[in-house]
Amino acid sequence: MKYIFGPVNSRRLGLSLGIDLVPYKTCTLNCIYCECGETSNLTSRIDEYVPTDGVIAELSEYLSVRPTLDVLTFSGSGEPTLHSGIKRIITFLKESYSEYRVALLTNGTLFYNKDVRESVLGADIIIPSIDAISEGVFDKITRPISGIDVKTVINGLIELRKEYCGEIILEIFIVPGINDRRSEIEGIRDACLRIRPDRIHLNTLDRPGSEEWIEAATIDSLQEIKYNLAPLVVEIVGSQDAYKDHCKQADDIQCRASSVQHVHRHSVLNNDEIDVGLKEVSKAVLSTIERRPSTLNDLSIILGIEKPKLTESLQYLLINDKIEERSTKRGSFYRLKRVGFN
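Described below are features of the structure shown in this document. Just so you know, these numbers come straight off a predicted model, no measurement behind them.

### So, the sheet that holds strand 7 (residues 125-127)
Logical step 1: Spatially, 1-2-5-6-7-8-9-10 is the arrangement adopted by the 8 strands of the open sheet, whose pairing is mixed. The open sheet has two free edges, formed respectively by strand 1 (4-10) and strand 10 (234-236), since each of these has just one partner strand. Strand after strand, the sheet turns through a mean of 25° between neighbouring axes, direction not considered.
Logical step 2: Direction of pairing for strand 2 (residues 14-19) relative to strand 5 (residues 71-74): parallel, over a ladder of 4 bridges. Bridging across to strand 5, S16 finds its partner in V71.
Logical step 3: Running over the sheet, helix 7 (residues 219-228) touches strand 9 (199-203) and strand 10 and is turned about 175° from strand 10.

### Quick notes on the environment of I130
Logical step 1: As for its position among the elements, I130 is in the loop between strand 7 and helix 4 (135-142).
Logical step 2: On the basis of relative accessibility, which here comes to 3%, the residue I130 falls in the buried class.
Logical step 3: If near-sequence neighbours (up to four positions away) are discounted, I130 is found in contact with I154, L170, E171, I172, A191, C192 and I195.

### A few points about the packing of aromatic side chains
Logical step 1: A full pass over the atoms with the stated rule returns 2 aromatic pairs.
Logical step 2: With a centroid separation of 3.8 Å and 10° between ring planes, the pair formed by Y33 and F173 is classed as stacked. Remark: F173 occurs in strand 8 (residues 167-173) and Y33 occurs in the loop between strand 3 (26-27) and strand 4 (41-42); sequence separation between them is 140 residues. The burial state of Y33 is the same as that of F173; both residues are buried.

### Comments concerning the pattern of salt bridges
Logical step 1: On inspection of all chains with the given rule, the structure shows 16 salt bridges.
Logical step 2: The salt bridge involving D47 is made with R45; its shortest N-O contact spans 2.3 Å.
Logical step 3: R45 sits in the partly exposed class, given a relative accessible area of 45%.
Logical step 4: Of the charged contacts in the structure, one is a salt bridge between R189 and D190, with a shortest N-O distance of 3.4 Å.
Logical step 5: Overlapping salt bridges bring together K114, R117 and E163 as one network.

### A word on the pairing of strand 5
Within a regular strand, the side chains alternate between the two sheet faces.
Logical step 1: A two-sided burial pattern is seen for strand 5, the buried positions comprising V71 and T73 on one face and L72 and F74 on the other.
Logical step 2: Pairing of strand 5 with strand 6 (residues 101-105), which is carried by 4 bridges, proceeds in the parallel orientation. Each residue of the ladder has a partner; that of F74, found in strand 6, is L104.
Logical step 3: Handedness of the strand 5-helix 2 (residues 86-96)-strand 6 crossover: right-handed.

### Let's talk about unusual backbone geometry
Logical step 1: The residue after A230, namely P231, is reached through a cis peptide bond having omega 15°.
Logical step 2: Among the structural elements, P231 can be located in the loop between helix 7 and strand 10.
Logical step 3: With phi around 50°, K25 is a residue other than glycine that occupies positive phi space.
Logical step 4: Summarising the element assignment, K25 is placed in the loop between strand 2 and strand 3.
Logical step 5: Looking at K25, the relative accessible area reads 3%, which means it is buried.
Logical step 6: One non-glycine residue, D321, lies in positive phi territory at about 65°.
Logical step 7: Relative to the elements of secondary structure, D321 occurs in the loop between helix 12 (307-319) and strand 11 (323-328).
Logical step 8: Classification of D321 by relative accessible area gives partly exposed; the value is 47%.

About the criteria used
- Residues numbered from 1 in each chain as written.
- Predicted model: local features only at pLDDT ≥ 70, side-chain atom pairs only at ≥ 80, totals over all residues.
- Heavy atoms only, no water.
- Pairing = 2+ DSSP bridges.
- Helix = DSSP H or I, 4+ residues; strand = E, 2+ residues; numbered from the N terminus.
- Axes fitted to C-alpha atoms, helices over the stretch in contact; angles between N-to-C directions.
- Contact = heavy atoms within 4.5 Å.
- Buried < 20%, exposed > 50% of the residue type's maximum accessible area, 1.4 Å probe, protein only.
- Phe/Tyr/Trp six-rings, centres within 6.5 Å; stacked < 30°, edge-to-face > 60°.
- Salt bridge = Lys/Arg side-chain N within 4 Å of Asp/Glu carboxyl O.
- Right-handed = clockwise from strand over helix to strand, strands pointing away.

Rendered as structure tokens:
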């Protein structure tokens, strides 16, 4: 599959089938904490970056057996609202597979555009983000394309709330030393009161970001920030481990089927001497970590594949310089090795 991935064990949404509408790192922002790495195509141009018909065809094939899922999520390796066909895809999902919730993970930068707002009104859940209130902090964290500023983003979110009847979960990503000052948090709180989300997700680093120096906020500091955001309804996003039991209850057959369906878009594995089973596992691993850096344990949960087989695949990919490993407090993460990555 070129345009869908998973199911992914989402910390926020449960078992989620991902829908990726733009090529790798096509985005309006170049956030320092992005788990996908540096933005390679910084743009605000709305276009049909991947064929809408192709996305719908893949979704039809995958969902035709009504797999066990919690949500269908527009996410992946860039900003989904840049895709001109997103309204048509949402409409198709709600008309053909209404039993699934449809979620949109977005940086929220394009909601100043009425056409963009109108294109996503059919989603059940929209999760935009706001990480700063002062322009200097916003620029330092998000590194936006020219023409996007924090006031424009906030006003777009205010307008979205007026028009959208579904659930808005506003994410605030805390980067210690940059946006965790009391004055910044109070400004974010005031902006959130104007936006009127249903709730706030307070988040911090869980996977390696695009800048290696970023560290996760402590639970004590997140608790203090939560207190300072009152009277807003705030949830501190839990760790990946909190969802292990949930994902283990997912349909193993479906998870294994998805791992076989995944074909890495760059077709990097062509060695006929490699065991066929290892090739399929490696393709599944590459397709997953292309969009979401993962630990061995994450991959085992997401793909429904035993750890020894995954370990064999990861070692093969490391030796052949296709992936890289980065150690963090939560364990070793694997992600694609990209030309020019520092």
